[in-house]
Structure formats: C-alpha cells, structure tokens
Amino acid sequence: MAHRNIPILRGLALGLALVAAEPCLATGAMEYSGVAFATEASPEAGASRDLTGQRVKTAQNNGESGSESTAEAQKKLKQELDRLRRPPRDGWATTTPTTQQKPPQPQKPSPTAQGEAQPKPKRPATTTTTAQAPQKPKPAAPAVAPIEAPLPIGPAIDPAIDRATGKVLFLRFSGTTPNDGGPKAMRAMLQTGQIAGVMFSRQNIASKAQLRDLVKFLWQGNAAQRPYFAIREIGGKDDALPQLKEFEAWPAPSDIAGRGDPEYAYSTYRSLGFNLAHLGFNLNFGPALSPSGAAADPSSFGANPLQSGVFAKTFILGHKDTNVIPVPVVDQSELSVRALKSLLVAYPGTPVAAVIGDETASLSVYENLVQGPRFCFLTMTAGAAETVSSFAKGCDVLVVDGGKESPVATRAALAAAIADAVSNGTLALADLQASAQRLSTLRGSTASISNGFTTTAP
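Residues numbered from 1 in each chain as written. Predicted model: local features only at pLDDT ≥ 70, side-chain atom pairs only at ≥ 80, totals over all residues. Heavy atoms only, no water.

**Focus on the nonpolar core**
- Among the nonpolar cores identified, the biggest contains 74 residues, and F200, F229 and L340 are the most heavily contacted of them.
- Residue contacts for F200: discarding those within four places in its chain leaves R172, F173, L211, L214, V215, L218, F229, A230, I231, A240 and F281.
- Membership of the second largest hydrophobic core comes to 17 residues, among which are V327, F375, V397 and L439. (Core = buried A, V, L, I, M, F, W, Y, C linked by side-chain atoms within 4.5 Å. Buried < 20%, exposed > 50% of the residue type's maximum accessible area, 1.4 Å probe, protein only. Contact = heavy atoms within 4.5 Å.)

**With respect to the side chain of T410**
- Considering the arrangement of structural elements, one finds T410 in helix α11 (residues 407-424).
- With near-sequence residues (within four places) excluded, T410 lies in contact with L171, M380, V400, G402 and E405. (Helix = DSSP H or I, 4+ residues; strand = E, 2+ residues; numbered from the N terminus.)

**Here's the deal with the sheet that holds strand β7 (residues 325-326)**
- Taken in spatial order, the eight strands of this open sheet run β7-β6-β5-β4-β3-β10-β9-β8, and their pairing is parallel. The outermost strands of the open sheet, each flanked by one partner alone, are β7 and β8 (352-355).
- The pairing of strand β3 (residues 169-172) with strand β4 (residues 197-199) spans three bridges and is classified as parallel. Directly across from F170, in β4, lies its bridge partner G197. (Pairing = 2+ DSSP bridges.)

**Things to note about the state of the cysteines**
- Applying the stated criterion across every chain yields a total of one disulfide.
- Between the sulfur of C376 and that of C395 lies a disulfide, 1.9 Å long from S to S. The sign of the -90° torsion about the S-S bond sets the C376-C395 disulfide as left-handed. Taken together, the positions of C376 in strand β9 (residues 374-379) and C395 in the loop between α10 (384-388) and β10 (397-401) put the pair 19 residues apart, joining distant regions of the chain. (Disulfide = S-S within 2.5 Å.)

**Some details on the pattern of salt bridges**
- Tallied over the full model, the rule gives seven salt bridges.
- Between R438 and D396 there is a salt bridge; the shortest N-O distance is 2.8 Å. With R438 in helix α12 (residues 429-443) and D396 in the loop between α10 and β10, this residue pair connects regions lying 42 residues apart in the sequence.
- D396 sits in the buried class, given a relative accessible area of 1%. (Salt bridge = Lys/Arg side-chain N within 4 Å of Asp/Glu carboxyl O.)

**Re the confidence of the model for the protein**
- For the protein, per-residue confidence averages 74 on the pLDDT scale, and residues scoring 70 or more make up 61% of the total.
- Confidence drops under pLDDT 50 across residues 84-104; counting only partners more than four residues distant or on other chains, this segment forms 27 contacts.
- Segment residues 141-145: pLDDT under 50, and seven contacts once partners within four positions in sequence are set aside and those in other chains are kept. (pLDDT = per-residue confidence, 0-100.)

**Some remarks on unusual backbone geometry**
- Following G286, the chain continues to P287 via a peptide bond in cis, the omega torsion being 5°.
- We note that N323 has phi near 60°; this positive angle belongs to a residue other than glycine.

**Quick notes on α12**
- An ideal rise of 1.5 Å per residue puts 21 Å on 15 residues; α12 measures up with 22 Å between its terminal C-alpha atoms.
- Among the residues making up α12, those that are buried are L432, S435, A436, L439 and L442. The buried residues of α12 occupy one face: seen down the axis, they fall within an arc of 110°. (Expected span 1.5 Å × (residues − 1). Arc of directions from axis to C-beta.)

**Structural notes on the packing of aromatic side chains**
- All told, the structure shown has ten aromatic pairs when counted by the stated rule.
- Judged by centre distance (6.5 Å) and plane angle (75°), the rings of Y269 and F301 are edge-to-face. Remark: F301 occurs in the loop between β6 (283-284) and α8 (305-320) and Y269 occurs in helix α7 (residues 262-279); sequence separation between them is 32 residues.
- With a centroid separation of 5.3 Å and 80° between ring planes, the pair formed by F285 and F375 is classed as edge-to-face. Remark: F375 occurs in strand β9 and F285 occurs in the loop between β6 and α8; sequence separation between them is 90 residues. We note that F285, like F375, is buried.
- Taken together through their ring pairs, the aromatic side chains of F170, Y228, F285, F375 and F377 make up a single cluster.
- A cation over an aromatic ring shows up here: R259 above the ring of Y264, its NZ or CZ 4.1 Å from the ring centre. (Phe/Tyr/Trp six-rings, centres within 6.5 Å; stacked < 30°, edge-to-face > 60°. Lys NZ or Arg CZ within 6 Å of the ring centre and 35° of its normal.)

In structure tokens form, the structure reads like this:
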C-alpha cells in the first residue's frame, strides 16, 4: 500500500506532538520534543521493536523556542487538519435520487351529438381455456422481517429498568449464518431493543461475503437507528478478522510506531476504517493505550505515553474519516492515563474501554477525566450479579461474553440482576439512564468530523 505518498500530512507530526505535550508541562513531566531518542527508526522496519533508544519522527525540534514558534506550529496544524477533514457522511443511510412524475390526468369523454348511439363495449374474446378464479392481491412485505420465534420471558421487570438495560448492553454470540441459533437470537433482541450492540469475534467470521450477509441479516431496519456492530481490529495476529487471503493484514501498533511516520500511520488506519465500514462495522475497540507486554493488551505503541498519544490520534482521525467510531482500550497504568490525557486535548469526548479483571479492577481513575461512555469487557463467569456490579466500578456499557449460555439467557440474567441492584439501592436508575444517554450521544459523534479535533486545549 502506498501509504507514504499522501502529501497532506507533512505538517501533522509537528503539530500533533506539540499539542499533545502541553498537558504534561503543567504536571512537571518532560516535554516530548521528538529528539529524545538516540537513533532514528528505519522506515523499512517490519518487526516489533523496543523504541526506548530510538528517535520517532513525530515531533521534530528545529531548535526554535518561545511562544511564536508554538503559535506557528498550531497554525500549521489547524491548516493541515482543515485539509484532512471530509464532509460528514450519512453512514449506512443511502439516498437514491428519483424523478418525480406527474400523476396521470383523467381524460374527459368526447362530446357526442344528441341522440347519437353510444358505442357498445366489446365482449372479451372467448378462449377454450377454463376461466380461473380471480386471485387476491398479496400483501406487501414488511420493511423489517418478523422475528422467527418469540423470546423467552424472564421474571417481570420494571419497564423503565428494562428499557435502560437494553441501551447499555453489548453481547457476544456464536454462529456464522442466519440459520444458526446465535444470530437468530441476536437479531430478535436487536429488533426489540433488548441490546444496544453486537460484539463480533473471529468465530463469527468465515469470509467477507458471509460477514456482510450476516450483518445484513441482523439488522434490516432504519439506518438512522442502526445498532452498534463492534469489532476489535487494531493490527496484528490477535485481531478478530481471520488470517485468510481475502482479508487484509494490518501492521501491529508496535510496527506502526517503529516506522516513526505519522503519515504512514494515518493512511494505514484510514484504510483500516474503510475496510471495516465496508464489512458492516461502525465501532472498533482500539487503539491500545496499555504498556508493552501488559497482560490486558500486549499490542501498543510503546512505553512513551506521549508517543502513544500521537499515534493514537492518527488512529482516531483515520477512523472518523470513515464514520467508524474508535474506542481506545486503557488500563490503570500510568502510561495509559498519561497517553489518554494527551489524546483528550485533541478530542475531549473520546470514549474508552477496559478489560475488567486482575489487571484493571475498575475505571475509577478515569471517572472525572473521560466525558464519553466507558465500555467494560466482561466474562460472566462469577454470575450475573457480579457482572452487574461493574457499573459501580465506573462502567457505562457492559460488553459481555456469556460463555456457553445462549445470548437470550445471558440477557435475561443480566436484566434480572440489574433490576435487583436498583431495588436494593446498589445501582440508581438515574445513573443507568445517564450511562445510556452517554452511549446515545456517541452515536452522533461520527455525524460531524470537523468537530472532533481542536488545536488548543479546552
């Protein structure tokens, strides 16, 4: 891919890092100038490497100092971002122009002379075939195909709690075809608003054609109300898309950082976003802002938090250009917090996601930092009540893997546990509805790309 031939990002490196470095000056952290590394990373690097002793070409320092150089850098950044921004797209809504035709005008009968005999209607020609009974017109097909089977009804739940629950749940499922039980159950719950999104994994994907057909089967309704179809695709061998010839292979974040070229990073992630949108996805959990070697997410941009923030911005900008929502994955490490802070300067409404477990016990460290929704990856091994307790740990949206349980049974158990938590006072209905509102606001974030990035801190 000729990712390095895009001329419009020549000034992106300087501006991004200068903006990213400003929040760290207030905390006493070392300013990231781009010359802190001893040697320059080779553009032809193809393998993951440790960037501790290497220079990254994201913010070259030309020896200038003072406010004038900073203001000039921000001015150049704004000019480059204005050229990068695209007009907002309608996503999956398609508009087909039609030519309006005038309705046929009724013809007036021609005047006849008084007393003139009117022509008699001709009888239809007789045929030897037996006359058939008139057929009743077939009813028009509904816009949304009906649900194949009724969903099992669990314990009675307050309607307000049940509606709010359906707006904060993402579920995983098994199966690849519309005839499988998993896709049928997911489609029924999407149509009835019992879940907000679907989390795809490699076990749901066999080919591009199969994947597009599956997505089309899951939702046939209004494009404006289309649910979230999410995936985890950031580059590397552990991505959700299978390693098949027809699927593109994307470089791992460590390889992206090893090149030290934001232009290459941006064009790569923009191509990734276009491919995901073409396959039917509108949300991608990435990039990873965790340290290299962390158990929660081993694929990262390195050990420098400001470098991670710079390359994370190229990931986000490339995805937003294609109307795919990026959700950075974080943990409780200092690198993750500092990288996210530099990222929030450019896009304060950034959502985040985390794997709740031993490495990340909660998202409380991001409570007053993140304005967007906070997604939590959970496996329902300890029961529905323990899974629902993650709302008290700073989670807004639960992305749940029910294991061997069917998606319908998983949803019913979670809804009952949420109702119990509201009843006993450990979870407030107002907080649950606020989480649902944050997720709803995220849906409109792709409608206006030009509002996503700024050149100065808020």
